[in-house]
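Structural overview
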Amino acid sequence: MSKVIFHIDVNSAYLSWEAVHRLQHGDPLDLRTVPSAVGGDPIKRHGIILAKSIPAKPFKIQTGESLMAAFQKCPTLKVVPPRYDLYLRSSNAMIELISEYSSQIQRYSIDECFVDFTDMIKLFGDPIEVAYLIKERIKKELGFTVSIGVSSNKLLAKVASDLKKPDAVTTLFPEEISQKMWPLPVGELFMVGRATVKKLNFLGIETIGDLANYDVDILKGSLKSQGILVWNYANGIENSPVKKSNHLAIKSIGNSSTIPFDIDNQKEAHLMLLSLSEMVAMRLRDSQYLARLVSITYKTNNFNSLGHQKKFEIPTDHTTEIYHYARTLFDELWDGTPLRHLGVRVSELCENDFVQLHLFDAYARRKNGKLDQVIDELRGRFEPKSIMRGCFVGSGIKPLTGGVGEDDFPLMSSIL
DNA sequence: TCTGGGGTCCTAGGACCC
DNA sequence: TCTGGGGTCCTAGGACCC
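It should be emphasised that the depicted structure is a prediction, and the values quoted were computed from it without experimental measurement. (Residues numbered from 1 in each chain as written. Chains lettered and ligands numbered in written order. Predicted model: local features only at pLDDT ≥ 70, side-chain atom pairs only at ≥ 80, totals over all residues. Heavy atoms only, no water.)

Taken together, 29 residues surround DNA strand B, and among them Ser252, Asn255, Ser256, Arg283 and Phe303 come closest. Of all DNA strand B atoms lying within 4 Å of any protein atom, the proportion belonging to sugar or phosphate reaches 73%. Between DNA strand B and serine 225 there is a distance of 2.9 Å, counted from a phosphate oxygen to a side-chain nitrogen or oxygen. Within the side chain of arginine 345, a nitrogen or oxygen atom sits 3.0 Å from a phosphate oxygen of DNA strand B. (Near = heavy atom within 4 Å. Polar contact = N/O pair within 3.5 Å; in protein donor to acceptor, adjacent residues only side chain to side chain.)

Glancing now at the sheet that holds strand β3 (residues 49–52). Picture the strands of a sheet paired through backbone hydrogen bonds; they go either parallel or antiparallel. The strand order across the open sheet built from three strands is β3-β2-β4, with neighbouring strands paired in mixed fashion. In the strand order of this sheet, the two ends are held by β3 and β4 (78–80), each with one partner. The average undirected angle you get between the axes of adjacent strands in this sheet is 30°. Across three bridges, strand β2 (residues 36–39) lies against β4 in parallel orientation. Along β4, the bridge assignment pairs serine 36 with lysine 78. Across the face of the sheet, helix α1 (residues 13–24) comes into contact with β2, β3 and β4 while running at roughly 105° to β2. (Pairing = 2+ DSSP bridges. Helix = DSSP H or I, 4+ residues; strand = E, 2+ residues; numbered from the N terminus. Axes fitted to C-alpha atoms, helices over the stretch in contact; angles between N-to-C directions. Contact = heavy atoms within 4.5 Å.)

Let us now look at helix α6 (residues 154–163). Counting buried residues along α6, eight of its ten residues qualify, which places the element largely inside the surrounding structure. Those residues of α6 that sit buried are Lys154, Leu155, Leu156, Ala157, Lys158, Val159, Ala160 and Ser161. Between the side-chain oxygen of the N-cap and the backbone nitrogen of leucine 155 there are 3.1 Å, and the N-cap of α6 in question is asparagine 153. (Buried < 20%, exposed > 50% of the residue type's maximum accessible area, 1.4 Å probe, protein only.)

What follows concerns the packing of aromatic side chains. To describe a pair of aromatic rings, one takes the distance between the centres and the angle between the planes. Inspection of the entire model under this criterion finds 13 aromatic pairs. A ring pair is formed by tyrosine 101 and phenylalanine 124, whose centres lie 5.3 Å apart and whose planes are at 50°; its orientation type is tilted. Separated by 23 residues along the polypeptide, tyrosine 101 in the loop between α3 (84–98) and β5 (105–109) and phenylalanine 124 in helix α4 (residues 121–124) bring together distant segments of the chain. Given the relative accessible area of 8%, tyrosine 101 is considered buried. Plain terms: the ring middles of tyrosine 108 and phenylalanine 114 are 5.7 Å apart, the flat faces sit at 75° to each other, and that makes the pair edge-to-face. (Phe/Tyr/Trp six-rings, centres within 6.5 Å; stacked < 30°, edge-to-face > 60°.)

Below, the discussion takes up the UniProt feature "active site" (unreviewed entry) in chain A. Feature annotation in UniProt assigns "active site" (unreviewed entry) to the following positions: Glu112. One can find glutamate 112 in strand β6 (residues 112–116). According to the relative accessible area criterion, glutamate 112 is buried, its value standing at 13%. Beyond its immediate sequence surroundings of up to four residues, glutamate 112 is in contact with His7, Ile8, Asp9, Gln106, Arg107 and Lys158. (UniProt positions renumbered as here; feature names shortened; annotations may be inferred.)

Helix α5 (residues 127–142) packs onto α3 with a crossing angle of 135° between their chain directions and a minimal axis gap of 11 Å. One element, α3, and the other, α5, form an angle in the oblique class. Of the two possible hands of crossing, α3 and α5 adopt the one that is right-handed. Taking contact as the criterion, the partners of Ala93, Met94, Leu97 and Ile98 in α3 are, on α5, Ile134, Arg137, Ile138, Glu141 and Leu142. Of the residues in the contact of α3 with α5, the class split is seven nonpolar, no polar and two charged. (Parallel < 35°, antiparallel > 145°, perpendicular 65-115°, else oblique. Left-handed = near helix turned anticlockwise from the far one by under 90°. Nonpolar A, V, L, I, M, F, W, Y, C, P; charged D, E, K, R; others polar.)

What follows is about the pattern of salt bridges. Tallied over the full model, the rule gives 21 salt bridges. Aspartate 376 serves as the salt-bridge partner of arginine 285, at 2.6 Å between the closest nitrogen and oxygen. You can see arginine 285 sitting in helix α11 (residues 266–286) and its partner aspartate 376 sitting in helix α13 (residues 359–381), a full 91 residues away along the chain. Note on arginine 285: relative accessible area 12%, which makes it buried. For lysine 311, the salt bridge is made with glutamate 348, and the minimal N-O distance between the two is 3.2 Å. In this pair, lysine 311 sits in strand β11 (residues 305–316) while glutamate 348 sits in strand β12 (residues 339–351), placing the two residues 37 residues apart along the sequence. (Salt bridge = Lys/Arg side-chain N within 4 Å of Asp/Glu carboxyl O.)

This part takes up the packing of α11 against helix α12 (residues 319–333). Running from N to C, α11 and α12 cross one another at 140°; their axes reach a closest spacing of 8 Å. Relative to α12, the element α11 is oriented oblique. In terms of crossing hand, the pair formed by α11 and α12 is right-handed. Contacts between α11 and α12 involve Gln266, Ala269, His270, Leu273, Leu274, Ser277, Glu278, Ala281, Leu284 and Arg285 from the first element and Thr319, Ile322, Tyr323, Ala326, Arg327, Phe330 and Asp331 from the second. Taken together, the residues of the contact of α11 with α12 sort by class into nine nonpolar, four polar and four charged.

Glancing now at the protein's contact with DNA strand C. Lining the immediate environment of DNA strand C, one finds 18 residues, of which Gly193, Thr196, His308, Gln309 and Lys311 sit closest. One of the side-chain N or O atoms of glutamate 112 is found 3.0 Å from a sugar or linking oxygen in DNA strand C. Methionine 191 is positioned with one of its backbone polar atoms (N or O) 3.2 Å from a phosphate oxygen of DNA strand C. Breaking the surface near DNA strand C down by element, the ones donating at least two residues are β5, α8 (194–202) and β11.

Listed below in C-alpha cells is the structure:
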C-alpha cells in the first residue's frame, strides 16, 4: 500500500521569522512587505544574502550573492543581521505544532521537514485537507507561511512543495509527474546542481522529462552512480523512509569561519585553530562521542581551498588534543599564503562510554578530561565567554569560533 | 560576483597486502 | 623484475543539500 508523505517548507524562512519577531516587538514595519534581506556583515567579510523577501525578487536578488551586488541591483534593500537562536526557536515551535498530526517527522533542515502521514489518515481523514489545516494553523498561530507538498514519497513531496510558493498546498502523485514535473528545467531536480546540469546539457538533456526518458546506461557511463540516482528521481522513483531525527546519527562535527582580516603568520593561524577547536570539542563532548579523525581546511585570499586530515589511534574529545592535531596538520600543509578562512572538523565518531586507554596516557588524559568538564559546566552555567584563554586577549581573534551549540540537530544532508 | 557556514556522500589514486 | 590481479585502507578533492 502506498504511503502519504508531506514536505513542509517555510517560505523565506530567516526573513519571515525575523519579520514576525520584529512585529511582535513593536516594529511597525513588516519586512515581508518591502524589498529586504537577512545578510551578514561585509566589514567582517561575511557579506552574503542568506534570505530575501518576495518584494526583493523582482530586483533579481539571489540567495548567496554578495551584499555589494545586491545593493547595486536594489539600493533601497533593507538588510538585517541573522539571529540563529531566534530561527531555532521558530523552527521548534513549528515542529511542535506539526507533531500534533504525526509523530513521524524528519527534520531535514532548520526550515524543512518531512512527515509520514500514512498511519494518521484513519485518525484525521483526508491528507490534503489536513495539509491545508496545518498550513492555516501555522499562519494564524505562528505568523508565517509555509508551502506543503503532498505525495507518496519524499522526493515527490519535496518537488511538490516547490511548485507553488508562498502559502500553498500542492500534490505531485506519480500520475501527475509527466504533467507537473517533466516540463521543469533539469536543474530544478533534487541532486542536480550546477556541475550536473552542465554534463546533462551536453547530452542534450534540458528538462526533467528529457532526463526521465534518457537511456540510463549512457547516464551511468558518464555520471556513475549519480546518473542512476537522478534518473530515478526524474522518474519519481525514491523510497527512503521518513527517519525520526535523532542527533546520535551525526557523522561529523565541524566549525569554520571567514576571518575579518587575512591571516599571514603562524601564530594567528594557531590562535584561530584553537578558537575553532574549542567549539568543535565542546560540541563533540556534548554529543557523547569521541572522534578518530581530525581534518582542517582553509581558503586562501584568492579563494583556493585546501585540506588535510589524519586518523589517530586513540579516539578523543579533549580540546587540547584536537587542537594539537589540528595545529600539526596545518603546519604540514600551509605554505604561507595569506588565509581568509579556516576550519576544523572531527569525524569517524564512536561512543564515548567505553574507551581503551593506554596506561601511559591514562593519567594525563584524565586530568585533561576533568578540565574540559569543568569548563563545559561553567560555560553552560554562565556564559560561554565567561571562560577564555589568556592568549586571545588583544589578538583580534574570538576565543570561541563557530555556531550550532546546545540545540544541535544538524541532520541536513544531501541525501533524503 | 570581492564571494558564509553547517553538513553528507562519492570517486580516484596510491600504499600495502596476499 | 621489464611480471598480474584483487581487496582494503587512507587521503584529497569535489559534488550536492540547506
